[in-house]
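Results of the structural survey
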Amino acid sequence: MASKTNISNLNEWLEENTDLSTTRTSGDSPAVKLDREFINRSERYEVRDLIIELYDDCNLAYSDENFKKTLKKIMDFNKGKKTKRVDYLSHLKKGKNCKDK
C-alpha cells in the first residue's frame, strides 16, 4: 500500500507538472474512490488513484521519472475514447511483474 509520503509526492508532482482539474465534474459527488468503471483523464484525483493502484500492484518506485512515463502512457492510451479502468491497468501492466486482483 502506498505510503502517505508517496501519495503526497505524487500529488505534488501532478500539481506542478499538469493542468489536470482539481474539481470533480457533475455526477462525481460525493467522491467515489477506486470503484469508477471509467477514468476521466482530465481529473487529477482519478489519474492519481489509477497511478497509485498501478504502482502498488506492480511494486513500482514512486519517482518523478516514473510519474512522467506513466502519465504519458495514460494520456496516450485510447486517446479521445472513453476507457475503462481495467483496460488502463491491463495496458499499463504489460511486461511488468504485477499481481492480479
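The written sequence of each chain sets the order in which its residues are numbered from 1. Predicted model: local features are reported for residues with pLDDT of at least 70 only, side-chain atom pairs are reported and counted for 80 or more only, and whole-chain, interface and lining totals are derived from all residues. The basis for every side-chain value is the complete set of heavy atoms in the structure, and neither hydrogens nor water enter the calculation.

1. Observations regarding the nonpolar core
Across soluble globular proteins, nonpolar side chains have a tendency to be buried as a group. Judged by nonpolar contacts, the single largest core of 22 residues is most densely connected at V47, L50 and I74. Secondary structure elements are taken from DSSP: a helix is a run of H or I of four residues or more, a strand is a run of E of two residues or more, and numbering for both begins at the N terminus. For this core, the secondary-structure elements that each account for two or more residues are α1 (4–17), α2 (44–58), α3 (64–76) and α4 (85–93). In terms of residue count, α2 provides more of this core than any other element does, 7 residues in total. It only takes one pair of heavy atoms within 4.5 Å for two residues to be counted as in contact. With residues near it in sequence (within four places) discarded, I74 still touches R41, V47, L50, I51, Y88 and L92. As used in this record, nonpolar core signifies buried Ala, Val, Leu, Ile, Met, Phe, Trp, Tyr and Cys residues forming a set joined through side-chain atoms within 4.5 Å. For the exposure calls, accessible area comes from a 1.4 Å probe over protein chains only, and a residue counts as buried if that area is under 20% of its type's maximum, exposed if over 50%, partly exposed in between.

2. Remarks on the packing of aromatic side chains
Any two rings among Phe, Tyr and Trp, with Trp reduced to its six-membered ring, count as a pair given centres within 6.5 Å; such a pair is stacked if its planes are under 30 degrees apart, edge-to-face if over 60, and tilted if neither. Under the criterion given, the structure shown has 5 aromatic pairs. Aromatic ring contacts, followed pair by pair, group W13, Y55, Y62 and F67 into a single cluster. To sit over a ring, a charge needs its Lys NZ or Arg CZ within 6 Å of the ring centre and within 35 degrees of the ring normal. One residue, K82, lies across the ring of F38, its end atom 4.6 Å from the ring centre.

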